[in-house]
Amino acid sequence: MIEFDGISKRFPDGTLAVDNFSLRLPSREITVFVGSSGSGKTTLLRMINRMVEPTSGRILIDDEDVASLNPVTLRRRIGYVMQNSGLLPHRTVLQNIATVPLLNRVPKAEAVARAHELMETVGLDSALAKRYPAELSGGQQQRVGVARGLAVNPNILLMDEPFGAVDPIVRRELQEELLRIQRELAKTIVFVTHDIDEAFLLGDHVTILSRGGHVAQHGSPDEILSNPASEFVADFIGADRGRRALTLRQSEGRTLVVDGTGRIAGVLGAETATGPVSVGAGGRDEHLGEITLGTEAADLPDLDTSSPNSGELGSSPEAPEVDTPSPNLGELGSENEAPGVDTPR
Ligand SMILES: Nc1ncnc2c1ncn2[C@@H]1O[C@H](COP(=O)(O)OP(=O)(O)OP(=O)(O)O)[C@@H](O)[C@H]1O
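Just so it is clear, the structure is predicted and the values come from calculations on it, not from any experiment.

1. A look at the pairing of strand 4 (residues 56-61)
And then number 1: With five bridges joining them, strand 1 (residues 2-10) and strand 4 adopt antiparallel strand pairing. Residue pairing across strands places F4 opposite I59, the latter belonging to strand 4.
And then number 2: Of the strand pairs in this sheet, strand 4 and strand 5 (residues 64-65) are connected by two bridges, and their pairing is antiparallel. Within strand 5, the position partnered with L60 by the bridge is D65.
And then number 3: Between the antiparallel neighbours strand 4 and strand 5 lie two residues, among them D62 with a positive phi of about 45 degrees.

Written out as structure tokens, the structure reads:
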């Protein structure tokens, strides 16, 4: 467990980046710090491995005050992954991954074998081992960054906007990959992002920060989505979430997933239950808020041709083309089968 206990950070120029922040981060789960630029996310993250020293307060890792530990030793046992991967440009992929283990005096053969293994873990073809970072795509570079972060087999992995610089499709792949790796390795991950969708997708726990590292809300994605603590949080998680809220409707024997504007977001092919549900899409359940079933045909929203997808409803037994107001709903309509529907975590 990582514990922030009354942590403040004032930089020499007088900026109070973090003001009396306290929080416990459970082991083997992902906690996401999310907030707008300048809210103190990176400062908080870097205080865990003493890249930044707090002005006051304590940070404990498994009840041990990090201030009592040698910073270099501490950093070598905590994985750190940052935006733009931070790879050493004049070292190959393999050398980049093996650098810290070698610094930790792991025998070379062992470090190299482990680096190859990690390339596989993060989904990198071993043929890339001898390439230099500039010879990789942005997504591949980030995968190397994650492999490097995992190279010392740390209990803790700090990730600072690691997928911020790649395009949305690659970003989505990297997010899914991270969730897969986490299912296998169960690290204590602290993940910083300014993207609320990424926070809700990845976080077991999400901390929404306002300026000065103030906790606007901390909780599971479901808790935050279903009960935003303030106007600030409601605003931050998106004024358009209401429009993106999903409703299930019955039409011609099928269950349609309809968004708040009446557009059809997908089709469920099987029976579903009434009540708050999450719709599974990929490795983890999506947090879609409350979904209710409308059973009356009269309830059906815009099912005429004014809806861009509705034309195909009457004419084809297939699922209609899906417009995806929620970034993750593509899977719903891409098959004519029901995705996993279950209760929130
Ligand atoms: N070395 C520094 N000296 C002075 N002020 C700093 C320093 N580093 C950060 N700050 C300030 O501290 C505040 C918090 O910065 P921090 O980088 O932690 O925010 P952030 O939430 O990670 O922002 P971003 O999303 O833009 O990276 C900001 O006002 C920033 O300008």
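2. Concerning helix 4 (residues 108-121)
And then number 1: Spanning 14 residues, helix 4 covers 20 Å between terminal C-alpha atoms, matching the ideal 20 Å at 1.5 Å per step.
And then number 2: Of the residues making up helix 4, those classed as buried are A111, R114, A115, L118 and M119. Seen from one end, helix 4 has its buried residues packed into an arc of 145 degrees, which puts them on one side. Helix 4 presents A109, E110 and E120 as exposed residues on the side facing more than 90 degrees away from its buried surface.
And then number 3: Of the surrounding elements, those touching the buried residues of helix 4 are helix 3 (93-103) and helix 5 (138-150).
And then number 4: Among the residues trailing helix 4, G123 stands out with phi positive, at a value near 80 degrees.

3. A few points about the nonpolar core
And then number 1: With 64 residues, the main nonpolar core has I97, A147, L158 and V190 as its most contacted residues.
And then number 2: The next biggest cluster of nonpolar side chains, apart from the first, holds six residues, and it includes L256, V257, I264 and L268.

4. Considerations on the site of the ligand
And then number 1: The local shell around the ligand holds 13 residues, among which F11, A17, S37, T42 and T43 are the closest.
And then number 2: Ranked by residues supplied to the shell around the ligand, first place goes to helix 1 (residues 41-48) with three residues.

5. Description of unusual backbone geometry
And then number 1: The backbone of R28 sits at a positive phi, close to 65 degrees, despite the residue not being glycine.
And then number 2: Positionally, R28 belongs in the loop between strand 2 (16-25) and strand 3 (30-35).
And then number 3: Non-glycine residue D63 carries a positive phi angle of around 70 degrees.
And then number 4: Secondary-structure assignment places D63 in the loop between strand 4 and strand 5.

6. Concerning the UniProt feature "domain: ABC transporter" (unreviewed entry) in the chain
And then number 1: The positions UniProt marks with the feature "domain: ABC transporter" (unreviewed entry) are residues 2-237.
And then number 2: Taken end to end, residues 2-237 comprises 38% helix and 26% strand; its first and last C-alpha atoms sit 26 Å apart.

7. Here's the deal with the sheet that holds strand 4
Each strand in a sheet pairs with its neighbour through backbone hydrogen bonds, running either in the same direction (parallel) or in the opposite one (antiparallel).
And then number 1: The four strands are arranged 2-1-4-5 in an open sheet whose pairing can be described as antiparallel. With partners counted over all chains shown, the strands left at the sheet margins are strand 2 and strand 5, one partner each.
And then number 2: Sheet topology places strand 1 next to strand 2; six bridges connect them, and they run antiparallel. Considered in strand 2, the bridge of I2 is made with L25.

Basis of the calculations
Residues numbered from 1 in each chain as written. Predicted model: local features only at pLDDT ≥ 70, side-chain atom pairs only at ≥ 80, totals over all residues. Pairing = 2+ DSSP bridges. Helix = DSSP H or I, 4+ residues; strand = E, 2+ residues; numbered from the N terminus. Expected span 1.5 Å × (residues − 1). Buried ≥ 20, exposed ≤ 12 C-beta atoms within 10 Å, placed from the backbone. Arc of directions from axis to C-beta. Contact = placed C-beta atoms within 7 Å. Core = buried A, V, L, I, M, F, W, Y, C linked by C-beta atoms within 7 Å. Near = placed C-beta within 6 Å. UniProt positions renumbered as here; feature names shortened; annotations may be inferred.

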